[in-house]
Amino acid sequence: MATIEGIVNQALDIVGYPSHIGNIYEGSKPSIIALNLWGTTRDALFTAAQPVWAKRDLRLVLLKSAPNINNGWADYSSGLWDSSYPTLPWLYEYEYPADCLLPLQIKVQTNFVPVYRPRPRSYRVSFDSQKVILTNTPDAILSYIAAVLDPDDWYDDFAEAMVEAVAKKMQMELGKSPPPRAQQQEDDRGNAAG
Amino acid sequence: MATLPADVITEALGEIGADEIGDIDDGSRASIRALRIYDTTLREMHAAAHWNFARRQIQLYLLADTQGLYATETVVPLPWQYMYEWPTDCVQMRFVFCAGVTAMDADGNPIGQLIAPFRQRPVPFIVSDYLRPNPIESSWDVIEGHSPESTRVVLTNELAATAVYTGIVQYPDMWPPLFRRAFSALLSARLAMSVVSDKKFAAQLRDTNQNIADKALIEARVRDGNEGWTIVDHEADWITYRSGGPEYGNETY
């Protein structure tokens, strides 16, 4: 069973730290360092690796829409654009899902599946007091990489990559310092002399 | 289970050593790229030859008649007499032929047409864009040849014109094997640069798969040409005129 502490302890072994942590909130030096880097490292790894098991689909929550939309056309002729509408030239503005690390694709619900004439749907991530998603697709569904928080849900290869990533970040503060260059050369000579 | 577009894309990705996709909407880099090019590439392949498997024949829908006998609209670009709607599934119009229709009933059904078998005689026609707006609420956005400003039309002097055209066949199980191979190789060539990270290698893969696609296309055309009894769908006009009798004498084109 994979745990945060288990992964941190494996990383500590890699950097050669002499002891393990019992809990990430215990307050020891390695636990404080691990706590600082855990979330950002995990999210960065999810974003880079894009594991298939972390993909989710969610029907987005509509925040704003352009006026008088008729079959993909908005009619602004009755008034000027203001911030109550989505950024031009988009038709819809949706809420960015809270657990979304990386939006991948906008889908539309079709009446029949499977779809034999697939068509791409464009979108853009933007900022409008909060992170939002702009698209021209009504009732949009977003496929995205979600933050899967529990390491027990991770595949083993991802957990292994996380150990490596945590160890790399811990190396600076907790790792054994390599001996100075001159010292190393002397050691090498000593070893060679036998 | 029927073959899906995602299966064809996976086949194409396999040719360039890329990972398969789960479905065409799975959000992977490969699926996003494939989604952009799938439909256009399929249409391009359909237009590359007069494929037997995509041959369709229908009586065209009359939009306008200069005399106003069979349609309320009477404006037709000169020098043509009838204007017909471009079939919604049409990729390429092959020819329009004369079925000897002398009139149409109130439902638009032909009257007086020739009884089979008869000699198929092509008639002049032209595909044109006409300033005939489509309502915004219609499905113009998913039908080739339709826009809010204009419509692609077929102009001819033939009443109740019957058209033979290449229709889009969306279902992979309907494609002949060689067409599928050519399409898959073309997809591979187009996906290589965006899916394979080593761009030098990707360029080689692209060129290799483009060559495979070209050769497969030639093979597919040959196979298609050898299928069936007829070598060509219609006689060239100059042959028709050379061998035609008095029945062609009064025609002005």
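The model shown is predicted, which means the values in this text are computed figures rather than measured ones. (Residues numbered from 1 in each chain as written. Chains lettered and ligands numbered in written order. Predicted model: local features only at pLDDT ≥ 70, side-chain atom pairs only at ≥ 80, totals over all residues. Heavy atoms only, no water.)

**Looking at the nonpolar core**
Phase 1: Membership of the largest hydrophobic core comes to 41 residues, with the highest contact counts inside it found for B:Ile9, B:Leu13, B:Trp175 and B:Phe183.
Phase 2: For this core, the elements supplying multiple residues, two or more each, are α1 (5-15), α2 (29-47), α3 (177-195) and α4 (199-226) of chain B.
Phase 3: It is α3(B) that contributes the most residues to this core, 10 residues altogether.
Phase 4: Formed by 27 residues, the second largest nonpolar core is a distinct cluster that contains A:Ile33, A:Ile145, A:Trp154 and A:Ala167. (Core = buried A, V, L, I, M, F, W, Y, C linked by side-chain atoms within 4.5 Å. Buried < 20%, exposed > 50% of the residue type's maximum accessible area, 1.4 Å probe, protein only. Helix = DSSP H or I, 4+ residues; strand = E, 2+ residues; numbered from the N terminus.)

**Thoughts on the domain arrangement of chain B**
Residues and elements named next belong to chain B.
Phase 1: What the domain assignment lists for chain B is domain 1 (5-50 + 170-225) and domain 2 (55-167).
Phase 2: Summarising the inter-unit geometry, the C-alpha centres of domain 1 and domain 2 are found 34 Å apart.
Phase 3: If you look at the interface, domain 1 gives five residues, while domain 2 gives seven residues.
Phase 4: A combined buried area of about 570 Å² lies between domain 1 and domain 2, and 52% of that area is made up of carbon and sulfur atoms. (Domains from an automatic or database assignment. Contact = heavy atoms within 4.5 Å. Buried area = accessible area lost by both parts, 1.4 Å probe.)

**What to know about the interface of chain B and chain A**
Phase 1: At the interface, 26 residues of chain B touch 15 residues of chain A.
Phase 2: The three residues of chain B that bury the most area against chain A are B:Asp25, B:Leu35 and B:Ile136, which together make up 26% of that side's buried surface.
Phase 3: Here chain B and chain A share one salt bridge between them.
Phase 4: Between B:Asp39 and A:Arg117 there is a salt bridge, and its shortest N-O distance comes to 3.2 Å. (Salt bridge = Lys/Arg side-chain N within 4 Å of Asp/Glu carboxyl O.)

**Comments concerning the pattern of salt bridges**
Phase 1: With the rule as written, the count across this model stands at 14 salt bridges over all chains.
Phase 2: A salt bridge links A:Arg56 to A:Asp99, with the nearest nitrogen and oxygen atoms 2.3 Å apart. Of this pair, A:Arg56 sits in strand β1 (residues 55-59) while A:Asp99 sits in the loop between β3 (92-95) and β4 (100-107), and the two are 43 residues apart along the sequence.
Phase 3: Through salt bridges with shared partners, one network takes in A:Arg117, B:Asp39, B:Arg43, B:Glu144 and B:Arg152.

**Some points on the packing of aromatic side chains**
Phase 1: Going through the model one piece at a time under the given rule, you end up with 20 aromatic pairs over all chains.
Phase 2: Ring centres of A:Trp38 and A:Trp154 lie 6.0 Å apart, and the angle between their planes is 10°; this geometry places the pair in the stacked category. Taken together, the residues span a long stretch of sequence, with A:Trp38 in helix α2 (residues 29-49) and A:Trp154 in the loop between β7 (141-146) and α3 (156-174) at a distance of 116 residues.
Phase 3: Members of the aromatic cluster, joined through ring pairs, are A:Trp38, A:Phe46, A:Trp53, A:Trp154, A:Tyr155 and A:Phe158.
Phase 4: Between B:Arg152 and the ring centre of B:Trp86, over which it is positioned, the NZ or CZ distance is 4.7 Å. (Phe/Tyr/Trp six-rings, centres within 6.5 Å; stacked < 30°, edge-to-face > 60°. Lys NZ or Arg CZ within 6 Å of the ring centre and 35° of its normal.)

**Here we look at unusual backbone geometry**
Phase 1: A cis amide bond, omega 5°, links A:Leu88 with the succeeding residue A:Pro89.
Phase 2: Residue position: A:Pro89 is located in the loop between β2 (62-65) and β3.
Phase 3: Of note in the backbone geometry, A:Gln50 takes a positive phi value of approximately 45° without being a glycine.
Phase 4: One can find A:Gln50 in the loop between α2 and β1.
Phase 5: A:Gln50 sits in the partly exposed class, given a relative accessible area of 29%.
Phase 6: Of note, the phi angle at B:Ala160 is positive, near 50°, even though the residue is not glycine.
Phase 7: Along the polypeptide, B:Ala160 turns up in the loop between β9 (151-156) and β10 (162-167).
Phase 8: On the basis of relative accessibility, which here comes to 3%, the residue B:Ala160 falls in the buried class.

**Quick word on the environment of A:Pro103**
Residue and element names in this part refer to chain A.
Phase 1: Relative to the assigned elements, Pro103 resides in strand β4.
Phase 2: Judged by relative accessible area, Pro103 falls into the buried class, the value being 11%.
Phase 3: Here the alpha-carbon distance between Pro103 and Glu164, two residues 61 residues apart in the chain, equals 26 Å.
Phase 4: Leave out the neighbours within four places in its chain, and Pro103 touches Tyr96, Tyr123, Val125, Leu142, Ser143 and Tyr144.

**Things to note about the sheet that holds strand β8 (residues 125-130) of chain B**
All names here are of chain B.
Phase 1: Read across the sheet, four strands follow the order β2-β3-β9-β8 without closing on themselves; strand pairing throughout is antiparallel. The open sheet is flanked by β2 (62-65) and β8, the only strands paired with a single partner. Neighbour-to-neighbour, the strand axes of this sheet turn through a mean angle of 30°, independent of strand direction.
Phase 2: Strand direction decides the pairing type here: β8 and β9, joined by six bridges, are antiparallel. The residue bridging Tyr130 from the neighbouring strand is Thr151, located in β9. (Pairing = 2+ DSSP bridges. Axes fitted to C-alpha atoms, helices over the stretch in contact; angles between N-to-C directions.)

**Concerning a negative patch on the surface**
Residues and elements named next belong to chain A.
Phase 1: On the surface, Asp156, Asp157, Glu160 and Glu164 cluster together into a patch of negative charge.
Phase 2: In this structure, Glu160 sits in helix α3.
Phase 3: Owing to a relative accessible area of 41%, Glu160 belongs among the partly exposed residues under this scheme. (Patch = residues over 30% accessible without salt bridge, like charges linked within 9 Å, V, L, I, M, F, W, Y side chains within 5 Å. Areas by Shrake-Rupley, 256 points an atom, 1.4 Å probe, with all protein chains shown as cover. Lys, Arg positive; Asp, Glu negative; His and termini not counted. Charge placed at Lys NZ, Arg CZ, Asp CG, Glu CD.)

**A closer look at the pairing of β4(A)**
For a regular strand, the rule is simple: side chains alternate between the two faces of the sheet.
All names here are of chain A.
Phase 1: The buried fraction of β4 amounts to six of the eight residues, a majority that puts the element mostly inside the structure.
Phase 2: Pairing analysis gives six bridges linking β4 to β7, with the strands arranged antiparallel. For Ile106, the partnering residue across the bridge sits in β7 and is Leu142.

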